[in-house]
Every structure is written in structure tokens, then in C-alpha cells.
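Next come the chains, spelled out residue by residue.
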Amino acid sequence: MQEDRKPAVLLIYTGGTIGMIENPETGALESFNFEHLMNHVPELKRFNCHIATYQFTPPIDSSDMEPSLWAKLVHIINDNYERFDGFVILHGTDTMAYTASALSFMLENLSKPVVLTGSQLPIGALRTDGKENLITAIEIAAAKHPDGSPVVPEVTIFFENCLLRGNRTTKSNAEGFKAFNTFNYPVLAHAGIHINYAYDHILKPDPSRPLKPHFLFDTNVIILSLFPGIQEAIIDSVLHVPGLKAIVMRTFGSGNAPQKEWLVKKLKEATDRGLVIVNISQCLSGSVEMGRYETGIHLLEAGVISGYDSTVESAVTKLMFLLGHGLSPEEVRKQMNRCFAGEFTESIR
Ligand code: ASP
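Cut-off values and rules
Residues numbered from 1 in each chain as written. Predicted model: local features only at pLDDT ≥ 70, side-chain atom pairs only at ≥ 80, totals over all residues. Heavy atoms only, no water. Pairing = 2+ DSSP bridges. Helix = DSSP H or I, 4+ residues; strand = E, 2+ residues; numbered from the N terminus. Buried < 20%, exposed > 50% of the residue type's maximum accessible area, 1.4 Å probe, protein only. Near = heavy atom within 4 Å. Polar contact = N/O pair within 3.5 Å; in protein donor to acceptor, adjacent residues only side chain to side chain. Areas by Shrake-Rupley, 256 points an atom, 1.4 Å probe, with all protein chains shown as cover. Core = buried A, V, L, I, M, F, W, Y, C linked by side-chain atoms within 4.5 Å. Contact = heavy atoms within 4.5 Å. Salt bridge = Lys/Arg side-chain N within 4 Å of Asp/Glu carboxyl O. Axes fitted to C-alpha atoms, helices over the stretch in contact; angles between N-to-C directions. Expected span 1.5 Å × (residues − 1).

Visitor: Describe the sheet that holds strand 18 (residues 305-306), listing the residues and the values that go with them.
Guide: Sheet strands associate in pairs through backbone hydrogen bonding, adopting either a parallel or an antiparallel arrangement. Strand order across the open sheet formed by four strands is 15-16-17-18, with parallel pairing between neighbours. Two strands lie at the open edges of the sheet, namely strand 15 (221-225) and strand 18, each paired on one side alone. Both strand 16 (residues 246-251) and strand 17 (residues 276-281) contribute to a ladder of six bridges, which runs parallel. Paired with A246 across the two strands is V276, which belongs to strand 17.

Visitor: Give a detailed account of unusual backbone geometry, specifying residues and quantitative values.
Guide: With omega at -5°, the peptide bond leading from T57 into P58 counts as cis. For P58, the location among the structural elements is in the loop between strand 4 (50-55) and helix 2 (67-79). The backbone of E160 sits at a positive phi, close to 45°, despite the residue not being glycine. A relative accessible area of 28% places E160 in the partly exposed class. With a phi close to 70°, N161 is a non-glycine residue in the positive phi region. Its place among the elements puts N161 in the loop between strand 8 (155-159) and strand 9 (162-165).

Visitor: Which residues make up the site of the ligand, and what values go with them?
Guide: Around the ligand, a shell composed of G16, T17, D61, S62, G92, T93, D94 and S119 is seen. The contact in question runs from an oxygen atom of the ligand to an N or O atom on the backbone of T17, over 2.8 Å. D94 places a side-chain nitrogen or oxygen 2.9 Å from a nitrogen atom of the ligand. Taken by itself the ligand offers 260 Å² of open surface, and the protein chains cover 88% of this.

Visitor: Help me get a handle on helix 3 (residues 96-106), residues and values and all.
Guide: Burial of helix 3 is extensive: ten of the eleven residues sit out of reach of the surface. Looking at helix 3, one finds that the buried residues are M96, A97, T99, A100, S101, A102, L103, S104, F105 and M106.

Visitor: Which residues make up the nonpolar core, and what values go with them?
Guide: One finds L103, M106, L107, V114 and L319 to be the most contacted residues of the largest nonpolar core, which totals 53 residues. Per-element accounting of this core gives the leading share, eight residues, to helix 8 (residues 312-324). Beyond its immediate stretch of four places on either side in the chain, L319 contacts V221, A246, I247, V248, V276, V278, V332 and M336.

Visitor: I'd like a description of the pattern of salt bridges, backed by residues and values.
Guide: Taken as a whole, this structure holds 15 salt bridges when the rule is applied. Where K131 meets E43, a salt bridge forms, and the shortest distance between an N and an O atom there is 3.6 Å. With K131 in helix 4 (residues 130-142) and E43 in the loop between helix 1 (37-40) and strand 4, this residue pair connects regions lying 88 residues apart in the sequence. Judged by relative accessible area, which is 24%, K131 ranks as partly exposed. In this structure, D85 engages K144 in a salt bridge whose closest nitrogen and oxygen atoms are separated by 2.7 Å. Residue D85 is found in the loop between helix 2 and strand 5 (86-90), and its partner K144 is found in the loop between helix 4 and strand 8; the two are separated by 59 residues along the sequence. Judged by relative accessible area, which is 4%, D85 ranks as buried. Of the residues examined, K144 reaches a relative accessible area of 34% and is grouped as partly exposed. In the salt-bridge network here, residues are joined through shared partners; they are R5, D85 and K144.

Visitor: A description of the sheet that holds strand 1 (residues 8-13) should follow, citing residues and the corresponding values.
Guide: Strand order in the open sheet formed by eight strands is 4-1-5-7-8-9-12-13, with mixed pairing between adjacent strands. Of all strands in the sheet, those with a lone pairing partner are strand 4 and strand 13 (195-197), marking the two edges. Each strand axis lies, on average, 20° off the axis of its neighbour in the sheet, ignoring direction. Judged from the six bridges that link them, strand 1 and strand 4 form a sheet pairing that is parallel. Bridge assignment links I12 to a residue of strand 4, and that residue is Y54.

Visitor: So what's going on with helix 8? Residues and values would help.
Guide: Because the α-helix completes a turn every 3.6 residues, residues three or four places apart line up on one side. Compared with the 18 Å implied by 1.5 Å per residue over 13 residues, the 18 Å span of helix 8 between its first and last C-alpha is a close match. Burial runs high along helix 8: 13 of the 13 residues are buried. Downstream of helix 8 by one or two residues, G326 has phi in the positive range, about 70°.

Below is the structure:
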């Protein structure tokens, strides 16, 4: 690839608020057609890069996102990988963190930018945050070092002036423009007058390794949140859901659970049967440390594994990804302990 040519970015529109335009006559929100994108965001014409577009038909609200659509995104990126320097995915905010996490596992050896963005207000609205998000996301997807290598070769979310590692991200605000946070990882770039990249925090993949796309998922998983007073019969029925293979168990504080004998016994029985149970804290910031309190040690003894400081979104998509590849429970437990794309802090393992 020549270094002096204009970078090329593929803009993939899946749906979500960003793609809506207020009909000036009826006031209703309508999905826009990509052909009209340039008219609504004329700033795109001033970019020093080629922008091609791909539109999901029909566009979807991200609450309808599915693993099959993640696979579709991976197909689009894989089919166009050599032709483009970077990819921007326009996506509803509600499940963007799940999609970003899933893509980070599915795009093995990714060495180009994949930036997800969206907005809280439609791109046609007067006070929209969509324009800034879109324009800066494209700039980041096209950004290169002087040697021609991409500045951010990983799956990220750009939102309200912050570039975040996708598989560390959680949607934390349904109202404000700053909808996303990475509670356990630093921001990868701040966009002000300049885009200031935190180079040390950005992944540095080996570009000589070819992209290895993955498409398979097994959705026999569940997220179980503990609370004081949770009943034995409820835990029992969850642990015996037919076909269930893995649980993301949301525990208290640094990975603690009630010390009730029946709970530990049932969890142990389940892990012995081959159920993979991953401990993720209900706290948004900090890590699971099962050896710290008696209430966590019981979980370790029951065969529960640590999710460290992973997000729920990352843990659940990683489990679906590993199970989808037909791994045994033992192998899934082993691979959950391996950091694939910066999804947990390796030094706390
Ligand atoms: N419900 C919308 C979605 O996630 C919200 C948004 O786009 O922000 O698709």
C-alpha cells in the first residue's frame, strides 16, 4: 500500500439514533439513506480521504443486535480489509459495547482501526452530537504514523471527544452526551483542538499476521446478578436451564457472594457438571480478587473462575465466542484466563 495516497475509510451504517433525521414537516424520526449522507454532513467532502459506505437494510435499533449481525460485520470488514485503511461503524448506543467487545474477539490479528460511533441525538437535529462523533471517528480511522502504520489498530468506540477501547467500554448514561466509560482502562485519545493519542495504551499488533476472522457464537449463556435475599430455588433453576453452558455471575465488591452452604454446594455441583461460571463484580470500577475475603474464597473452591476487571459485555461475548468454537469447559476456563485483545488487566491475573 502506498504511503502517499489518500487513506480510504469504509463507513458501515447499521442503524441507531445517529442515522435518523427529523422530518421537518412531521417531526418524526426517519432513517436516512446513505446517499444523502454527504448532504447532511457536508464536512465529509472536506476530508482528505476516500469514504465508501455500506448500509444495513433495513437499519436496526441496536437493541435488535444479534451475533449473526456481528458475523455480518466481520464478513464486511474481512471482504474489504485490503481495500481500506480503516473502518467506522455507525451503531445504536444501547448495545454498542457488546458489539465492540464481540468484534475485538472475532477479528483476530486485527491491525487496522475499527471505530464504532453513534449519537444521542439524530444527525439531523440542531444540537446533534452525531456530526462531531462521525467526523472525528473517520479522522481516527484514517490516522497514520509517519511510517504509514495506523495509529489505532484495534476495535474502539469514539464518543463525546473520547476514544475508548471497545471491549473495556460500558454504556453508563442514557441522557448525557458522554454515554460511555471505560472504568478500568485509560482513554485512548482525547479530541480537543488536536486529537491527543495515549500511544502507550493503544494495542500494538503485529501487522505481518493476516487477519483471521471468526464467525461462530454459542449463546447458551446467562448473566446472573446476585443480591441479598436471592433464593435457593431461583439459583437452582438458573443452574439447571437446559443447554446452559456458562454464567457471568455478577458478585459483590471484589468478587464476593453470600456464604450460604447451599449456594457454594450448588455452584460446585454445577462447575463439576461442566458449567463455566465467571465472576464479575457489580462494581463498575476495580477487579475481582477471590482470595481477598472468606466470601470470595468459597467461590474459588466451588470452581468459579475470575473475570478480573472485565466488563460484563466483554465477559459474556468472550464466553459466547469461545463456546461457539466448540471448546471443552476446561479449555473455555483456560482461555477466559487469556487476554485476547486487552479486555482485562493482565498484571492483576
Ligand atoms: N435505541 C437506540 C439504539 O441503540 C439508541 C441509540 O442509538 O442511541 O439503536
